[in-house]
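Spelled out, the chains give:
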Amino acid sequence: MKPEKTTRQQADESSIEGRFKELNLPFNDREALLESNRCLYCYDAPCIVACPTHIDIPTFIRKISSGNVKGSAKTILESNLLGATCSRVCPVQELCEGACVLNEDHKPINIGRLQRHAMDFADKNKLNFFQRGNPNGLRVAIVGAGPAGLSCAGELAKLGFEVICFEKRPLSGGLDTYGIVVFREPVEISLKEVQMIEELGVDMRNGVEIGKDLLLSDLVEDYDAVLISIGLGKVPNLSIAGEDKEGVFDGLEFIEQTKVKDLKTIKCGSKVVVIGGGNTAIDCATIARRLGAPDVTIVYRRSQFEMPAYEFECEFALKEGVRIQFLTNPVEVEGKDKVEKLKCARVELGPPDLSGRRTPRVIADSLFDIPCDMVIKAIGQEKPYDLLSELKKFGVQEQNGYIVVDPKTNGTSNPKIFAAGDCIRHKGEALTVVAVQDGKIAAASIAKMLLPSKTNGKKTQPPGTR
Ligand SMILES: Cc1cc2nc3c(=O)[nH]c(=O)nc-3n(C[C@H](O)[C@H](O)[C@H](O)COP(=O)(O)OP(=O)(O)OC[C@H]3O[C@@H](n4cnc5c(N)ncnc54)[C@H](O)[C@@H]3O)c2cc1C
Ligand code: SF4
């Protein structure tokens, strides 16, 4: 049984708005019913284990199949308050769907689309499942209102904590709001999740940067616990000549424009080079194509085998007409006043480095030019060094620019300070769903530490924070 012919809609090429519409199709009721009935409701279901937030997937699917879509949405949100975002942005092939027992000879259950079906139903019917818990008199400060901060805030509010989120940007949601391409997740989805967290009683203070507008020491003094969920920073410099020329862009800023600005006002070159090999590079390149650039090339210094972007993302970029130039190292951005070409060198791969990937080595006398009028840097994100040096004063340890936590509790070496999300992710993949789980773990640990234990009426500390 095939419940759908295609999962992606053709972009409406006639207008720029059409090209930036959400790409993945939702199920209609009948398709959702048919697909949910394929699920085997496995005992010890591997899909639950593979989901970082451990959503009870068979149960939410069973509820859809029995017509209880409202109950299905509740099951999802009980484990993951950002279920609507995750249903759109999770790399399900690598997570729940990749683990589905129907993988071998049958198509895996389309878990992501079923989750979206339940989340869209909750949104359409304005369903609210949770309320703020009875006030317990304890206050928690959260620094950064991305997925990690929001998830922790929501869970704590349900337990009756007074939660204040300090967010430096005008809008909350972190990269879900500002970073994930709009044709994968429209901004409204992220903002509705922020609103849901606010409706739980969380006090969102936007435009407040900790370390600048308020000091970390104020928070540590005034609150019972502090969560650091600041993510990472902007794209680092390439450290090559000419990168300050007009026409060179930070990839994250480039993506952000398409989320917050009128698409018609965004300037894009006609010959665009994107530097990087991760999913952000793919996103920048596909955005440039959809903004109308006829010639878009990704330049990556290793081979396809080492490329960190998902295979399905690379395939998507190629289908969109993006060229990928492997084994190529940018050397200099050239041009009189603004970008005219990117000088590059050809590369060969040597032995593996510490990350296990083979080291790129420049081949002598191999320089060549790629003519372009726009260069987009998409080579990762900077570490939040400013706040890290503040945190050090409170005994919080860092390693290579990431905050060190006990993974069981997300507690730092200061018992009052917890951390979650990309800022602790020194290994493993940085994903929204992982940040959500980090926030949940931190919330549970904060509650365990601060709420009187049922047995002896004393405050307890979770392991690893003593
Ligand atoms: C371009 C791009 C595309 C991505 N696409 C996907 C995807 O498709 N699927 C997926 O699962 N993941 C994706 N990710 C990864 C995902 O977005 C992150 O893993 C996730 O957002 C991490 O959440 P976080 O809360 O740790 O950090 P962030 O989302 O970065 O949020 C941190 C927040 O803290 C705020 N902040 C920082 N410093 C301060 C301060 N001093 N004071 C106050 N506020 C502060 C920031 O403004 C921000 O709002 C993508 C990432 C990028 C960069
Ligand atoms: S593994 Fe697949 S078939 Fe089994 S419960 Fe999960 S989604 Fe259903």
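Residues numbered from 1 in each chain as written. Chains lettered and ligands numbered in written order. Predicted model: local features only at pLDDT ≥ 70, side-chain atom pairs only at ≥ 80, totals over all residues. Heavy atoms only, no water.

Colleague: Tell me what's going on with helix α11 (residues 187-199), and back it up with residues and numbers.
Modeller: Relative to the 18 Å expected for 13 residues at 1.5 Å per residue, α11 spans 19 Å between its end C-alpha atoms, a close match to the ideal helical length. Of the residues making up α11, those classed as buried are V187, I189, S190, E193, V194, M196 and I197. Residues of α11 that are buried in the fold lie against α6 (83-89), α9 (147-158), α10 (175-178), β3 (203-206) and α13 (251-260). Among the residues trailing α11, G201 stands out with phi positive, at a value near 100°. (Helix = DSSP H or I, 4+ residues; strand = E, 2+ residues; numbered from the N terminus. Expected span 1.5 Å × (residues − 1). Buried < 20%, exposed > 50% of the residue type's maximum accessible area, 1.4 Å probe, protein only. Contact = heavy atoms within 4.5 Å.)

Colleague: Mind laying out the domain arrangement of the protein chain, listing which residues take part and the relevant values?
Modeller: Domain annotation of the protein chain identifies domain 1 (20-124), domain 2 (139-233 + 382-460) and domain 3 (248-377). When each unit is reduced to the centre of its C-alpha atoms, the spacing between domain 2 and domain 3 is 32 Å. Contacts between the two partners involve 15 residues from domain 2, matched on the other side by 14 residues from domain 3. For the pairing of domain 2 and domain 3, the buried interface totals around 1,100 Å² over both sides, and the portion due to carbon and sulfur atoms is 54%. Two residues, R184 and E313, come together in a salt bridge whose shortest N-O distance is 3.0 Å. Taken together, domain 2 and domain 3 are joined by seven residue pairs in polar contact (both at pLDDT 80 or more). At three residues, the largest contribution of residues to the side of domain 2 that touches domain 3 is made by α10. Looking at the side of domain 2 that touches domain 3 residue by residue, the class counts come to seven nonpolar, three polar and five charged. (Domains from an automatic or database assignment. Buried area = accessible area lost by both parts, 1.4 Å probe. Salt bridge = Lys/Arg side-chain N within 4 Å of Asp/Glu carboxyl O. Polar contact = N/O pair within 3.5 Å; in protein donor to acceptor, adjacent residues only side chain to side chain. Nonpolar A, V, L, I, M, F, W, Y, C, P; charged D, E, K, R; others polar.)

Colleague: Describe the site of ligand 1, with residues and values.
Modeller: The environment of ligand 1 is made up of 32 residues, and the closest members are V89, E167, L175, R184 and D422. Here an oxygen atom of ligand 1 and a backbone polar atom of P147 are 3.3 Å apart. Measuring from an oxygen atom of ligand 1, one finds a backbone N or O atom of A148 at 3.0 Å. In the complex, 92% of the free accessible area of ligand 1, which totals 1,000 Å², lies under the protein chains. Elements supplying a minimum of two residues to the shell around ligand 1: α9, β2 (162-167), α13, α14 (279-290) and α17 (432-450). Its residues assigned to classes, the shell around ligand 1 comprises 15 nonpolar, ten polar and seven charged. Counting contributing residues per domain, the shell around ligand 1 is built from domain 2 (139-233 + 382-460) and domain 3 (248-377), each supplying no fewer than three. (Near = heavy atom within 4 Å. Areas by Shrake-Rupley, 256 points an atom, 1.4 Å probe, with all protein chains shown as cover.)

Colleague: Please provide a residue-by-residue account of the sheet that holds strand β8 (residues 323-325), values included.
Modeller: One open sheet holds the five strands; their spatial order is β5-β13-β6-β7-β8, and the pairing between them is parallel. On the outer flanks of this sheet lie β5 (248-250) and β8, each paired with one strand and no other. Averaged over all pairs of adjacent strands, the angle between strand axes in this sheet comes to 25°, irrespective of strand direction. Of the pairings in the sheet, the one linking β5 to strand β13 (residues 374-377) comprises three bridges and is parallel in character. Within β13, the position partnered with F249 by the bridge is I376. Against the sheet, α14 contacts β6 (271-275), β7 (295-299) and β13, and its axis sits at roughly 170° relative to β7. (Pairing = 2+ DSSP bridges. Axes fitted to C-alpha atoms, helices over the stretch in contact; angles between N-to-C directions.)

Colleague: Describe in detail the environment of V163, supporting the description with residues and values.
Modeller: For V163, the location among the structural elements is in strand β2. Of the residues examined, V163 reaches a relative accessible area of 1% and is grouped as buried. The sequence separation of V163 and I266 amounts to 103 residues, and the corresponding C-alpha distance is 37 Å. Dropping the residues within four chain positions of it, V163 is found in contact with V140, I142, A153, L156, A157, G201, V202 and D203.

Colleague: Tell me about the environment of E162, and name the residues and values.
Modeller: Within the secondary structure, E162 is located in strand β2. Given the relative accessible area of 36%, E162 is considered partly exposed. Along the backbone, E162 and E94 are 68 residues apart, and their C-alpha atoms lie at a distance of 37 Å. Once residues lying within four places of it in the same chain are set aside, the contact partners of E162 are R132, L138, R139 and V140.

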